[in-house]
Amino acid sequence: MSLMQVQSFVAGNWVTPSDGLAPLHSAFTGEVIGHTGTGAPDVMAMYRHALAHGGPALRAMSFHDRARMLKALAQYLSDRKAELYELSYLTGATKSDSWIDIDGGIGTMFVFASKGRREMPDSHVYLDGDVEMLSRGGSFVGQHVCTPLQGVAVHINAFNFPVWGMLEKLAPTLLAGMPAIVKPATVTGYLAEAAFRMILESGCLPDGAVQFVSGRLGPLLDELGPQDAVSFTGSADTALALRGTSNLLRNSVRFAAEQDSLNATILGDDVAVGDPEFDLFVKEVVTEITVKAGQKCTAVRRILVPEALRGAMAEALSARLAEVTLGDPRLKEVGMGALAGAGQKRDVLGACALFADEARCIIGGEAPELTGENLDGGAWVAPTIFDCADPDAATHLHEKEAFGPVACLMPYRDAGHAAVLANRGGGALVTSVVTRDPALAQRIVAASASHHGRLYFNNRDSMAEATGHGAPLPHMVHGGPGRAGGSEELGGIRAVKHYMQRTALQGPPALLSAAGETWLAGSPTHEGPAHPFRRRFGDLALGETLVTAPRRVTAADIAHFAEFTGDGFYAHTDAEAAAENPFFPGIVAHGYLLLSFAAGMFVDPAPGPVLANTGLNGLTFEKPVTPGTDITVHLTVKRKTRRTDEYGEVRWHVELRDHEDDLVARYELLTMVAI
Ligand code: NAP
């Protein structure tokens, strides 16, 4: 294999590091496989290029344009991932480890692409929450909006997931409309570089949207401005050093930190040896220790079990871990590979030496038996379990992360004690609880949710489909308070908002409607040239409104509806009982009768551009309707979102009013309309 040379991608050009080269090693043989930069490329040229080209090009696109771009990019990477798998072995990763990194990263990008199209508008301004009524008459309202920051996102990634780590940050950043400068961790930066080259080759991204640093960041953090953002993943020590950069503090540059974490797992005290939950717990712990050789920020570090099960758990874990084959990650029979490098091995063994003061090592150590050839120079640490008799007295075990295949068994007395021990991590990414006891789930949430970014519950009912203690999902928040960095990543569109500014807009509805590209209640309306059901997606204009002829709601209608649907609730059928109810003057119409009448009043029935009614949001009944009331419907085009080349979604603001012009009911109607 020829030696690799990890380059930087600077202002549109690949650049070989000119000052200082460090050797890169295979994680499992120790052989030199290439070189990487140790100095900084021209980071200020990168910054200027991103500001001048990447940012404007991305912001000119709508959220949907960028979501489509991400989908095409994810597809491109997916078609070429075999090449990345080959390289990934050199990081010490087995095939299944690489699946988490490579397919996990690509999958994350697909999810953001899909959420971007489903949950964001096909425009440039994201509405954050509903309109706030700031005045009695409705002539002055409030609306929060999010727009992309106009600077550069600097991504500093950890070594353990070179592909996932890069893609899970790039997806929300690019969807938001910000360009990024990616700085991977040096030891596995060659895999990140290979994936980055594919991103460029895809041709999906505009010039300047992404750039890549091999080596250091030079003066970049000292030059960032208020529109920039830094997203860091790595150790708490590095995060502390970087987030304290005086320029970042001076300019209030957003600094998101995903740091290390002393995650725990709790076996419920309702579980006995032999229960499916006992075996599930053992399986999850073994997975957490061995996947990526324990180099996962979410891996279980502390194993909390009821005192009575400590011995049985020690035995079960030792037996299962003794069956794990270590060695050449390319071999099928190998279940755990090497750590990423010699430095990582040194750190893990250093942490183990501290743990030995507080607990007894029951399995593991430095010199495991290996399967494969030429492995002497690799960074090997065996799966290691400590057993701590007195976890209340321990400190290192709750504070020091051994970023490798190392965890510690700890007994707890009761649920309260388990929560206290879990919380001693000082803020963690995840704690899992294996239990069937709803009361325990409730107690752990009450006592420990504040200390965690994620709580994961599992038992026999969910285990076939559960996603795993250690798996951050793009849909759910990843991050944790305190020690874990105090930030959030992922969590769907929440992640995109990290790269946007939220602004409170206040003013007359007509102005705010224009700014947010969505008709807001109180804005002017106008009649269209034809019934809206005769108008195609492209013809309908925001604010275009149909006001129907009135329809009288009669006592016979209400009685018929009660009979026909079986909804004979007394408010619709028993005048005396209805009058006793504090909400009604006597018999009133069913809300669903009014909705049904409304459809009958605004629908134009013949086949036409309106294809389907796909839902209804935010229905409220505002005023009871008594027999003899005349109602009218006001149907207004609120927002349009193109979905395919054939149709788009039209959201309608629907109001039902009575003959006194009082609001009776209000909702948002969703339809698909032919383009
Ligand atoms: P690290 O040593 O803290 O390094 C993290 C990143 O910071 C690397 O890219 C590193 O680059 C860079 N860096 C270090 N010093 C820098 C400086 N002065 N200026 C700019 N960049 C600098 O962490 P790591 O060893 O790569 O990763 C392991 C740690 O990450 C573990 O503690 C793990 O728990 C944590 N982690 C957390 C999460 C999470 O989501 N919370 C995910 C994965 C990992 P170089 O490699 O070039 O030094």
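Overview of the structure. (Residues numbered from 1 in each chain as written. Predicted model: local features only at pLDDT ≥ 70, side-chain atom pairs only at ≥ 80, totals over all residues. Heavy atoms only, no water.)

Some points on the layout of surface pockets
Rolled over the atoms, a probe as big as a water molecule pinpoints where empty space is left. Counted only if it meets this: In this analysis a 1.4 Å probe is tested at points of a 1 Å grid over the protein atoms alone, and where it fits but cannot get out there is a cavity; an open set with protein on both sides within 12 Å along at least five of seven lines is a pocket; lining residues have an atom within 4 Å of a point. Grid points are joined across faces, edges and corners, and a volume is the space filled by probe spheres set on the points. The secondary structure listing takes helices from DSSP runs of H or I that are at least 4 residues long and strands from runs of E that are at least 2 residues long, numbered from the N terminus. Each residue is assigned to one class: nonpolar for Ala, Val, Leu, Ile, Met, Phe, Trp, Tyr, Cys and Pro, charged for Asp, Glu, Lys and Arg, and polar for all the others, Gly among them. A domain assignment, automatic or from a database, supplies the domain bounds used here.
Of the pockets and cavities examined, the largest pocket occupies roughly 1300 Å³. Around the largest pocket, the lining is made up of 48 residues, and of these F159, S235, T238, Q344 and D347 lie nearest the centre. Here the element with the most residues in the lining of the largest pocket is helix α12 (residues 342–355); it accounts for six residues. Residue classes in the lining of the largest pocket are distributed as 20 nonpolar, 17 polar and eleven charged. Looking at which domains feed residues into the lining of the largest pocket, each of domain 1 (43–260 + 495–501) and domain 2 (263–426 + 428–469) supplies at least three.

Quick word on unusual backbone geometry
The condition that has to hold: For each residue, the accessible area found with a 1.4 Å probe, counting protein chains only, is set against the maximum for its type, and the residue is called buried under 20%, exposed over 50%, and partly exposed in between.
One non-glycine residue, A11, lies in positive phi territory at about 45°. Inspection of the secondary structure puts A11 in the loop between β2 (8–10) and β3 (13–15). The exposure class of A11 is partly exposed, given its relative accessible area of 26%. Positive phi, normally seen in glycine, also occurs at E517, with a value near 55°. Within the secondary structure, E517 is located in the loop between α17 (509–516) and β26 (545–547).

Describing the sheet that holds strand β1 (residues 4–5)
The following threshold applies: For two strands to be treated as a pair, DSSP must find no fewer than two bridges joining them.
The mixed open sheet is built from three strands, whose spatial order is β1-β5-β4. The sheet is open, and its two edges are formed by β1 and β4 (21–25), each paired on a single side. Relative to strand β5 (residues 32–37), β1 runs parallel, the two being bridged by two bridges. Looking across to β5, one finds that Q5 is bridged to H35.

A short note on the packing of aromatic side chains
To keep things clear, this is the line we draw: Any two of the Phe, Tyr and Trp rings considered here, Trp counted by its six-membered ring, make a pair once their centres fall within 6.5 Å; the pair's planes then place it as stacked at under 30 degrees, edge-to-face at over 60, or tilted in between. Only Lys NZ and Arg CZ are tested; either one counts as a charge over a ring when it is within 6 Å of the ring centre and within 35 degrees of the ring normal.
The tally for this structure, following the rule as stated, stands at 14 aromatic pairs. Pairing W14 with F196 gives two aromatic rings, centres 6.0 Å apart and planes at 90°, and the pair type is edge-to-face. You can see W14 sitting in strand β3 and its partner F196 sitting in helix α6 (residues 189–201), a full 182 residues away along the chain. For the pair F533 and F602, a centre-to-centre distance of 6.2 Å together with 50° between the ring planes defines the contact as tilted. With F533 in the loop between α17 and β26 and F602 in helix α21 (residues 591–602), this pair connects stretches of sequence that are 69 residues apart. For the pair F533 and F602, a shared accessibility class is recorded, and that class is buried. Three or more aromatic residues joined by ring pairs form one cluster here, namely F9, W14, F196 and F212. Sitting over the face of the ring of F537, K640 holds its NZ or CZ atom 5.0 Å from the ring centroid.

Observations regarding the pairing of strand β14 (residues 264–267)
Filter applied, for reference: By definition, the crossover connecting two strands over a helix is right-handed if that path, from the first strand to the second, turns clockwise as seen with the strands pointing away from the viewer.
Residues A264 and I266 point to one face of β14 and T265 and L267 to the other, with burial holding for every one of them. Running through helix α10 (residues 276–290), the crossover from β14 to the neighbouring parallel element strand β15 (residues 302–306) is right-handed. Sheet topology note: the β14/strand β21 (residues 428–434) ladder contains four bridges and is parallel. Residue T265 lies in a different strand from β21, and its bridge partner there is S432.

Looking at empty space enclosed by the protein
On inspection of all chains with the given rule, the structure shows four cavities of 30 Å³ or more. Empty space within the largest cavity amounts to approximately 110 Å³. As for the largest cavity, its lining consists of 13 residues, and the residues nearest its centre are A158, N160, W164, G165 and T233. Sort the elements by how many residues they give to the lining of the largest cavity and helix α5 (residues 164–176) lands first, with four residues. Among the residues making up the lining of the largest cavity, the classes are represented as four nonpolar, five polar and four charged. Its boundaries defined by the atoms lining it, the second largest cavity holds a volume of some 80 Å³. Forming the walls of the second largest cavity are E168, K169, P172, S231, A256, E488, E489, L490, A495, H498 and Y499. Among the elements of the structure, α5 and β24 (487–490) are those that each provide at least two residues to the lining of the second largest cavity. Class assignment for the residues of the lining of the second largest cavity results in five nonpolar, two polar and four charged.

Note that every value here comes from positions in space, so none of it alone points to a role or purpose.
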